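The lines below spell out each chain.
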Amino acid sequence: MAVETERIPARRQRLGNRLAVLRERDVRWFFLGYATSLLGSSMAPVAVAFAVLGAGGGGSGLGWVMAARILPIVLVMAAGGVAADRLGSRRVMLVADVLRCGVQGLFAVALATGHASVGVMVVLVALWGFGEGVFLPALGALVPALVRDRARLADANTLLGLARSVATVAGPAAAGVLVAVSGPAAVLLVDAVTYGVGALALVRLRVAAPAEPGAGGSLLTDLREGWSEFRSRPWLWITTLQMGFFNLLVWAPFLVLGPLTAQRSLGGARGWGLVMGVYGAGAVLGGLLMLGRRPARPLAVATVATFGWALPSAALAVGAPLPWTAAAALVAGVGSAVCGALYAATMQAWVPAEVLARVTAFGGLGAFVLGPAGLAAAGPLADRVGTATVLGFGALWQLAAGAVVLAVPAVGRRRWEQLPGPARGGAAAADRVRPDHPGDRAPR
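Thresholds applied
- Residues numbered from 1 in each chain as written.
- Predicted model: local features only at pLDDT ≥ 70, side-chain atom pairs only at ≥ 80, totals over all residues.
- Heavy atoms only, no water.
- Helix = DSSP H or I, 4+ residues; strand = E, 2+ residues; numbered from the N terminus.
- Buried < 20%, exposed > 50% of the residue type's maximum accessible area, 1.4 Å probe, protein only.
- Contact = heavy atoms within 4.5 Å.
- Areas by Shrake-Rupley, 256 points an atom, 1.4 Å probe, with all protein chains shown as cover.
- Core = buried A, V, L, I, M, F, W, Y, C linked by side-chain atoms within 4.5 Å.
- Axes fitted to C-alpha atoms, helices over the stretch in contact; angles between N-to-C directions.
- Nonpolar A, V, L, I, M, F, W, Y, C, P; charged D, E, K, R; others polar.
- Salt bridge = Lys/Arg side-chain N within 4 Å of Asp/Glu carboxyl O.
- Patch = residues over 30% accessible without salt bridge, like charges linked within 9 Å, V, L, I, M, F, W, Y side chains within 5 Å.
- Phe/Tyr/Trp six-rings, centres within 6.5 Å; stacked < 30°, edge-to-face > 60°.
- Polar contact = N/O pair within 3.5 Å; in protein donor to acceptor, adjacent residues only side chain to side chain.
- Expected span 1.5 Å × (residues − 1).
- pLDDT = per-residue confidence, 0-100.

**Here's the deal with the overall build of the protein**
- A tally of regular secondary structure across the protein gives 18 helices and zero strands.
- When each of the 444 residues of the protein is scored for burial, the buried share is 50%.
- Looking at the protein alone, contacts between residues at least 24 apart form 87% of all its contacts between residues at least 6 apart.
- Surface exposure of the protein reaches about 19800 Å², of which carbon and sulfur atoms provide 69%.

**Brief notes about the nonpolar core**
- Of all hydrophobic cores here, the largest spans 80 residues; its most connected members are Phe30, Met93, Leu142 and Trp235.
- The element contributing the most residues to this core is helix α13 (residues 322-350), with eleven residues.
- Other than its neighbours up to four places away in sequence, Leu142 contacts Phe30, Ser89, Arg90, Met93, Leu202, Leu205 and Val207.
- In terms of nonpolar packing, the next biggest core, distinct from the first, is built from 23 residues, Ala47, Val48, Phe107 and Trp128 among them.

**Focus: the environment of Met66**
- Within the fold, Met66 resides in helix α3 (residues 58-87).
- The partly exposed category is assigned to Met66, whose relative accessible area is 49%.

**With respect to the packing of helix α15 (residues 371-385) against helix α16 (residues 387-407)**
- In the contact formed by α15 and α16, the axes pass within 6 Å of each other and the chain directions differ by 115°. Across the interface between the two elements, Leu381, Ala382 and Val385 of α15 pack against Thr387, Thr389 and Val390 of α16.
- Split by residue class, the contact of α15 with α16 holds four nonpolar, two polar and no charged.

**Re the pattern of salt bridges**
- Taken as a whole, this structure holds six salt bridges when the rule is applied.
- In this structure, Arg25 engages Asp26 in a salt bridge whose closest nitrogen and oxygen atoms are separated by 3.0 Å.
- In this structure Asp26 comes out as buried when scored by relative accessible area, which is 8%.
- Between Arg358 and Asp85 there is a salt bridge, with the nearest N and O atoms lying 2.7 Å from each other. In this pair, Arg358 is assigned in helix α14 (residues 356-368) and Asp85 in helix α3, connecting sequence segments 273 residues apart.
- A cluster of three or more residues bridged by salt bridges with shared partners is formed by Asp85, Glu225 and Arg358.

**Regarding a nonpolar patch on the surface**
- Together, Ile70, Val74, Trp237, Leu241, Phe245, Val369, Leu370, Phe393 and Trp397 line one region of the surface with nonpolar side chains, adding up to about 750 Å² of accessible area.
- When contributions to the nonpolar patch are tallied by element, the ones reaching two or more residues are α3, α9 (234-265) and α16.
- The element that contributes the greatest number of residues to the nonpolar patch is α9, accounting for three residues.
- Classification of Trp237 by relative accessible area gives partly exposed; the value is 34%.

**Comments concerning the packing of aromatic side chains**
- With the rule as written, the count across this model stands at ten aromatic pairs.
- Aromatic pair Phe246 and Trp251: ring centres 6.1 Å apart, planes at 25°, arrangement stacked.
- Among the residues examined, Phe246 registers a relative accessible area of 6% and is labelled buried.
- On the basis of an interplanar angle of 35° and a centroid distance of 5.3 Å, the ring pair of Trp251 and Tyr279 is categorised as tilted.

**Some remarks on the environment of Leu248**
- Mapped onto the secondary structure, Leu248 falls in helix α9.
- The partly exposed category is assigned to Leu248, whose relative accessible area is 22%.
- The spacing of Leu248 and Pro372 is 124 residues in sequence and 7.7 Å in space, taken between C-alpha atoms.

**Some thoughts on the environment of Leu220**
- Mapped onto the elements, Leu220 comes out in helix α8 (residues 219-231).
- For Leu220, a relative accessible area of 49% translates into the label partly exposed.
- Leu220 sits 141 residues away from Ala79 along the chain, and the two C-alpha atoms are 9.3 Å apart.

**A closer look at the side chain of Ser165**
- Inspection of the secondary structure puts Ser165 in helix α6 (residues 153-182).
- Owing to a relative accessible area of 11%, Ser165 belongs among the buried residues under this scheme.
- Among all residues touching Ser165, those that are not within four sequence positions of it are Gly280, Ala283 and Val284.

**Side note on the side chain of Asp85**
- Exposure remark for Asp85: the relative accessible area of 15% places this residue in the buried category.
- Of the polar contacts made by the side chain of Asp85, one reaches the side chain of Arg358; its length is 2.7 Å.

**What to know about α16**
- In this model, α16 (21 residues) spans 31 Å end to end at C-alpha, consistent with the 30 Å of a helix rising 1.5 Å per residue.
- Restricting attention to buried positions, one finds in α16 the residues Thr387, Val390, Leu391, Gly392, Gly394, Ala395, Gln398, Ala401, Gly402 and Val405.
- As for α16, its buried residues are in contact with α9, α11 (298-305), α12 (310-317), α15 and α17 (409-412).

**What to know about the confidence of the model for the protein**
- Averaged over every residue, the pLDDT of the protein is 79; the share at 70 or more is 84%.
- Below a pLDDT of 50 lies the segment residues 420-443, which in the model reaches 53 contacts outside its immediate sequence neighbourhood of four places, other chains included.

Next comes the structure, spelled out in structure tokens:
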């Protein structure tokens, strides 16, 4: 009994160490605001879908509305990175949250008053997507400015990933209940409120703005500078290529062909819901496992974690039963949390603060720009060569791509102890090094 009593404080101490990053005031405030806004954001797509169907938009109308959200994100992300590097991430994110709060509030009013035609929804959702495209690159640049102890960067990104994973699981479920009880307008009103909470949290942050707000050349000049910084780092553009082809060849076919396979052999929607729910639970578990851990070779560990993404597609391709497919999704979910946290921390630690938002934007564009093509092509390609062939090829590709990336010296040899410089504001010194120094090439 005494031994058990002694273990409890020890466990609490370990948990406290893993959550130590939340002792930092700015991290704590931002996490609370961001987690709240994420919950609303994960609820909104369910409400929008039922709003479109309720307005008689059908499948084609729903497609237009979904495209209207995605397209602005892709179009404005690079410009959003420039704005964040010039004006400061907090300012840009605050504007984005206020914009999205207003748009979702207006959307709720339009639905409640019967003025939300499909055309109106397209416009409102496009404005929503515009706000997201501006917000995302600024988010990547804000995190290292909040974390005073660079050793806690991975923990900060893990916590944000945990918030995303929990919201992905809880948000749609809560939205479904609220839509059934009160209608889509109520969900969008809740989303507007959560964006307001996120904006209030940003207001309370003590992050300094750039010394010369608005300084810089033209938009094109700033974009060229960001692109130069991005392509000068082999580890960065190689891993971005890996993620881009993952979304094209693995994840998009999985999302399109997975439900079809589940309909035939996994019990339909209930089985597919279980697979995706377990994937989300795996992401939560991976985040919990990552807290307080700092692998010596973060990018190598992140790349190893990507091997798990091959398993769900492989399970579907070979016709594995539901328990095995769910187990594969669990491993993939764990890997997604590990990879996401370590990859984000690596970028924030090794990319200079003054270009971090632009580099984040280029990384995001490279990772996701091929995804829509994969979504469009997966069905027709499966009709031609077979569902199992498309999914099996994706699984093999993921394993091969991970092995190739892992063999790249710039990926496998990157270590935390190579990182000099202060704890805040990126790692300009790590990349601005003398090329004749024998150890200077590793950080690149």
